[in-house]
Amino acid sequence: MKGLKRLLDRGLGVLLESPCPLCQRSAPTEICNTCQRRIMACQVTPTWDKVENLPVFAWGVYSGALKQAIAALKYDNQPHLAHPLGVWMGNAWNQTHPVLTPAIVVPIPMHISKQRERGFNQAALLARSFCQATRLPLKADGLERQRATAAQFTLSNLERQQNLQDAFCLGRALLHQRPSQPILLLDDIYTTGATAQAAAKTLRDRGFQVRGIVVLARAMRMEGWKGERVG
Ligand SMILES: [Zn+2]
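Note that this is a predicted model, so its numbers are computed, not measured.

J.: Looking at this model, I keep getting lost on unusual backbone geometry. Mind explaining?
T.: Peptide bonds are, in most cases, trans, and in most cases residues other than glycine have a negative phi. In this structure, Glu52 takes a positive phi of about 45 degrees despite not being glycine. Along the chain, Glu52 turns up in the loop between β3 (48-51) and β4 (56-61). The phi angle at Asn77 is positive, at roughly 50 degrees, despite the residue not being glycine. Secondary-structure assignment places Asn77 in the loop between α3 (64-75) and α4 (82-96).

Quick look at the structure:
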């Protein structure tokens, strides 16, 4: 009888396991242990990097298995991957910030047409798990993308800035409410910083305080980064 139970349990366990989206081997968690270790290898020391006038708090570097995981999340329709990744971002935050660090989390929005196409906004999903881990308040509709913008990587620096001018406006959650706490932007990737700068400018122009941006992955070399660290 015991043997039968064990056999049934094991059988059920196998049924409940789904393939790891990175290596396709079956795993009991969203990402298999091997791939988790490969992603962890991309983590950087959790700290604020001073970039121009907007500090960046990055979980890892956009390369290797982390780059692969972000691609699977965004382009291979694996939104559940945002959960462990967002929690890891939150854990890194918790390691370096006192429990009562005041901040309101606002994810960088996608244009509604693009979000409909993808079915989700990865920044919003990461923010949800980040907020579960940090217990920081989430304002998922803090910002809105009012213009569909061309893919940034196709543009020059100047074109990028023009492309993003007025790309954002205040969303429902902040339109009629002025929080006393500073805002913490959150996105999946930080490359040139043009998107983050545009979002921060929209908020600051309306009198909001922006603490910086938290990202899952930053480019190996960030423009305007002097290698300076801030507390
Ligand atoms: Zn795997």
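Resuming the write-up.
J.: Any chance you could explain the sheet that holds strand β9 (residues 210-218) here in plain terms?
T.: Note on sheets: strands pair through backbone hydrogen bonds, and any given pair is parallel or antiparallel. Spatial ordering of the open sheet is given by β5-β8-β9-β4-β3-β10, a layout of six strands whose pairing is mixed. In the strand order of this sheet, the two ends are held by β5 (104-107) and β10 (225-230), each with one partner. If you compare each strand with its neighbour and ignore which way they point, the axes differ by 35 degrees on average. With five bridges joining them, β4 and β9 adopt parallel strand pairing. Bridging from a neighbouring strand, Ala58 pairs with Val215 of β9. Against the sheet, α4 touches β3, β4, β8 (183-190) and β9, its axis set at about 125 degrees to β4. In the packing of helix α9 (residues 194-205) onto the sheet, contacts are made with β3, β8 and β9, and the angle to β8 comes to roughly 165 degrees.

Calculation notes
- Residues numbered from 1 in each chain as written.
- Predicted model: local features only at pLDDT ≥ 70, side-chain atom pairs only at ≥ 80, totals over all residues.
- Heavy atoms only, no water.
- Helix = DSSP H or I, 4+ residues; strand = E, 2+ residues; numbered from the N terminus.
- Pairing = 2+ DSSP bridges.
- Axes fitted to C-alpha atoms, helices over the stretch in contact; angles between N-to-C directions.
- Contact = heavy atoms within 4.5 Å.

Any functional reading would require information that these geometric values do not contain.
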